[in-house]
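Summary of the model geometry
Residue strings, one per chain:
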Amino acid sequence: EEMRKIDSAANSSRGVGSSLLASGDVLFDKGIVVAAREKYENALLIFREIGDRKNQALSLDRIGNAYHDEGKFAQSQNAYTQALEAYRDVQWLAGISSVTGNLATVLDAFGDLKGSLKMHEEALKSFQQLGWDEAFATEIDNTAAVQQELGQLESAAESHRKAIALLKKTGYQRGEMF
């Protein structure tokens, strides 16, 4: 009986946390980023309290997105790094793929091109494992941009060729995804 009460309380809290994430998403989509981040942070507190690592990862990933939109790249990097750790803990490849790409973007903003390239390459591996051709192709393009910034022009050109070929194969149009 006591265990049932504990499970019920955790499920109730999980529902509240999920609702906070969803309402944060609505605010984020409306461009009300700070309020969205506050919802995500409140959800994170709940998910930490009940030990729900997967939803902690989701919360941290969204917090990172909000900080990124606010131009607070250090906070964004911190949130993404924590999200990556949590995604790895629960072995959720889709989350790992997404957040490594996000981390790459933040590292690029800091001018850490080698770190950015490393994260893009990790995202590439994950998207390829998932079989997400459009995301894989987009990530190839992102990787090519960093290669170009690093002066790796032949590698960048080859990456762009691979992305174009894959995009043509899938019929993907820019703007359809993400």
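This is a predicted model, so every value here is computed, not measured.

1. Here we look at the packing of aromatic side chains
Throughout the structure, instances matching the rule amount to three aromatic pairs. Residues Phe 73 and Phe 110 carry aromatic rings whose centres are separated by 6.5 Å and whose planes lie at 80° to one another, so their mutual orientation is edge-to-face. Here Phe 73 is found in helix α4 (residues 73–89), whereas its partner Phe 110 is found in the loop between α5 (93–109) and α6 (113–130), with 37 residues between them in sequence. Given the relative accessible area of 42%, Phe 110 is considered partly exposed. A ring pair is formed by Tyr 87 and Trp 92, whose centres lie 5.5 Å apart and whose planes are at 70°; its orientation type is edge-to-face. Trp 92 sits in the partly exposed class, given a relative accessible area of 27%.

2. Here's the deal with the confidence of the model for the protein chain
As a general rule, the predicted coordinates of low-pLDDT regions are not to be interpreted in detail. On average, residues of the protein chain score 90 in pLDDT, and 90% of them reach the 70 mark or higher. Within the protein chain, helix α1 (residues 2–29) has the poorest average pLDDT of any element, 82, and helix α2 (residues 33–50) the best, 98.

3. Here we look at the nonpolar core
Core analysis: the biggest nonpolar cluster contains 27 residues, and Leu 21, Ile 63, Tyr 87 and Val 99 have the highest contact counts within it. When residues no more than four places from it in sequence are discounted, the contact partners of Tyr 87 are Ala 57, Leu 58, Asp 61, Trp 92, Gly 95, Ile 96 and Val 99.

4. Concerning the pattern of salt bridges
Counting across every chain of the model gives 10 salt bridges. Here Asp 52 ties to Arg 14 by a salt bridge, and the two come within 2.8 Å at their closest N and O atoms. Pair noted here: Asp 52 is in the loop between α2 and α3 (53–70) and Arg 14 is in helix α1, with a separation of 38 residues, a long-range link. Overall, the relative accessible area of 9% leaves Asp 52 in the buried class. Judged by its relative accessible area of 28%, Arg 14 falls in the partly exposed class. Of the charged contacts, one joins Glu 70 and Lys 72 as a salt bridge, the two residues approaching to 3.4 Å between their closest N and O atoms.

Rules of the game
- Residues numbered from 1 in each chain as written.
- Predicted model: local features only at pLDDT ≥ 70, side-chain atom pairs only at ≥ 80, totals over all residues.
- Heavy atoms only, no water.
- Phe/Tyr/Trp six-rings, centres within 6.5 Å; stacked < 30°, edge-to-face > 60°.
- Helix = DSSP H or I, 4+ residues; strand = E, 2+ residues; numbered from the N terminus.
- Buried < 20%, exposed > 50% of the residue type's maximum accessible area, 1.4 Å probe, protein only.
- pLDDT = per-residue confidence, 0-100.
- Core = buried A, V, L, I, M, F, W, Y, C linked by side-chain atoms within 4.5 Å.
- Contact = heavy atoms within 4.5 Å.
- Salt bridge = Lys/Arg side-chain N within 4 Å of Asp/Glu carboxyl O.

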